[in-house]
Amino acid sequence: MQLRGIHHLTAITANLSANHAFYTRTLGLRLVKRTVNQDDVSAYHLFYADGRATPGTDITFFDWPLPRERRGTHSIVRTGFRVATADTLRFWLDRFIELGVTHGQIADLDGRATLDFEDGEGQRLRLVVADDRTEAHPWEKSPIPAEHQLRGLGPITISVPEVGKTDMVLTRVMNMRYARDYIAPPTSGAGGAGNTVHVYEMGDGGAGAELHVAVEPNLPPASQGAGAVHHVAFRVPSFQEYDLWNARLSEMRIPSSGPVDRFYFRSLYFREPNGILFELATDGPGFDADEPMDALGERLALPPFLEPRRKEIEAGLKPM
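Residues numbered from 1 in each chain as written. Predicted model: local features only at pLDDT ≥ 70, side-chain atom pairs only at ≥ 80, totals over all residues. Heavy atoms only, no water.

**Student:** Explanation requested: the environment of glycine 111 in the structure shown.
**Tutor:** Along the chain, glycine 111 turns up in the loop between β6 (107–109) and β7 (112–118). For glycine 111, a relative accessible area of 65% gives the class exposed. The spacing of glycine 111 and tyrosine 182 is 71 residues in sequence and 9.1 Å in space, taken between C-alpha atoms. (Helix = DSSP H or I, 4+ residues; strand = E, 2+ residues; numbered from the N terminus. Buried < 20%, exposed > 50% of the residue type's maximum accessible area, 1.4 Å probe, protein only.)

Dropping the structure here:
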């Protein structure tokens, strides 16, 4: 019973229009689902992904009017996006300079060429040149040439003050494999000595199936807000395995949400020992369960159990 890799990552925005512009126009991702937070229908939940809304490619946002996050440990601190070549990194560096996007320089990290950057709310992002083990699905309406489009998520980096208990959950509960260590700059962006980062793999491995755990005992705990990550989800290939994961968490006495049907996928939520929220999510049914693939994200989509409340929900949402 193996997780396949990263399924999606959900973050927080307090500026929906700027968020939409950045991820669709600047980064060239496709808005594949325009819906609401099913636990807080006053907030939008936007999903950006590749041209086919492939599991493992989507970064999503809750629209919450919060102040900026306080950076620190006990949190998800960097979201990687895979790209194909070093030439693509140079394309993006030139684009970030032209558009005034906050960015670092092309650097080698963990044996891969990378480029760190941020959106307008300080969401920490990274482009990673990686041997991609999945098929690319470019979006034909993207402003980015197909060869330079983002190919999917990964790796994802979390920060913890001590790795021992997290390692136990990753390896003994979630069946990840410890792969290697490397030294990286502090995730807070401050100067100082580098930190040890432990790499854990899922499934067939590769950047899209890696969780990187930075050990940072000297940072204060993070406080969530705009620019923060809410949770990271890992891929479960089938409903049958999803049921087995639910039983496994119960048998190992890991407190969890229990089964949650999000209509587009099924979810299980639990926290690792440092309080970071993890989700196990199925690959299906997918975002075309209620919209044709060629029209994804063009209207407010509601799962069937919320559809009777459409007028009420639409009245409570601010225009995008």
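This is not the end of the story, as more comes after the structure.
**Student:** Any chance you could explain the sheet that holds strand β14 (residues 260–261) here in plain terms?
**Tutor:** Two pairing modes exist for strands in a sheet, parallel and antiparallel, and in both the strands are linked by backbone hydrogen bonds. Here we have eight strands laid out as an open sheet, ordered β2-β3-β4-β1-β13-β16-β15-β14, and mixed in their pairing. Where the open sheet ends on each side, the last strands, each with one partner, are β2 (30–37) and β14. Judged from the five bridges that link them, strand β1 (residues 6–13) and strand β13 (residues 229–236) form a sheet pairing that is antiparallel. What sits directly across from isoleucine 6, in β13, is phenylalanine 234. Helix α1 (residues 16–26) rests against β1, β2, β3 (40–49) and β4 (58–63) of the sheet, and its axis sits at about 15 degrees to β3. (Pairing = 2+ DSSP bridges. Contact = heavy atoms within 4.5 Å. Axes fitted to C-alpha atoms, helices over the stretch in contact; angles between N-to-C directions.)

**Student:** I would appreciate a short explanation of the sheet that holds strand β5 (residues 75–83) in the present structure.
**Tutor:** Taken in spatial order, the eight strands of this open sheet run β6-β7-β8-β5-β9-β12-β11-β10, and their pairing is mixed. The open sheet has two free edges, formed respectively by β6 and β10 (177–184), since each of these has just one partner strand. Averaged over all adjacent pairs, the angle separating strand axes in this sheet is 30 degrees, with direction ignored. Taken together, the five bridges between β5 and strand β8 (residues 124–129) define a ladder with parallel strand orientation. Along β8, the bridge assignment pairs glycine 80 with arginine 126.

**Student:** Would you take a moment to explain unusual backbone geometry for this structure?
**Tutor:** Trans is the prevailing form of peptide bonds, just as negative phi is the prevailing case for residues other than glycine. The peptide bond linking glycine 154 to proline 155 adopts the cis configuration, its omega dihedral lying at -5 degrees. By the element assignment, proline 155 lies in strand β9 (residues 152–160). For histidine 74, which is not glycine, the phi dihedral falls at a positive 60 degrees. Summarising the element assignment, histidine 74 is placed in the loop between β4 and β5. For aspartate 110, which is not glycine, the phi torsion reads 55 degrees and is therefore positive. Tracing the sequence through the fold places aspartate 110 in the loop between β6 and β7. Note on aspartate 110: relative accessible area 18%, which makes it buried.

**Student:** Help me understand the packing of aromatic side chains, please; the structure alone is not making it clear to me.
**Tutor:** Working definition: an aromatic ring pair is given by the centre-to-centre distance plus the angle between the planes. One pass over the full model with this rule turns up 16 aromatic pairs. Ring centres 4.8 Å apart and planes at 50 degrees place the aromatic pair tyrosine 23 and phenylalanine 61 in the tilted group. Taken together, the residues span a long stretch of sequence, with tyrosine 23 in helix α1 and phenylalanine 61 in strand β4 at a distance of 38 residues. Each of the two residues, tyrosine 23 as well as phenylalanine 61, counts as buried. Lying over the aromatic face of phenylalanine 239, arginine 266 brings its terminal NZ or CZ to 3.7 Å of the ring centre. (Phe/Tyr/Trp six-rings, centres within 6.5 Å; stacked < 30°, edge-to-face > 60°. Lys NZ or Arg CZ within 6 Å of the ring centre and 35° of its normal.)

Scope: geometric values only; no functional claims are made or implied.
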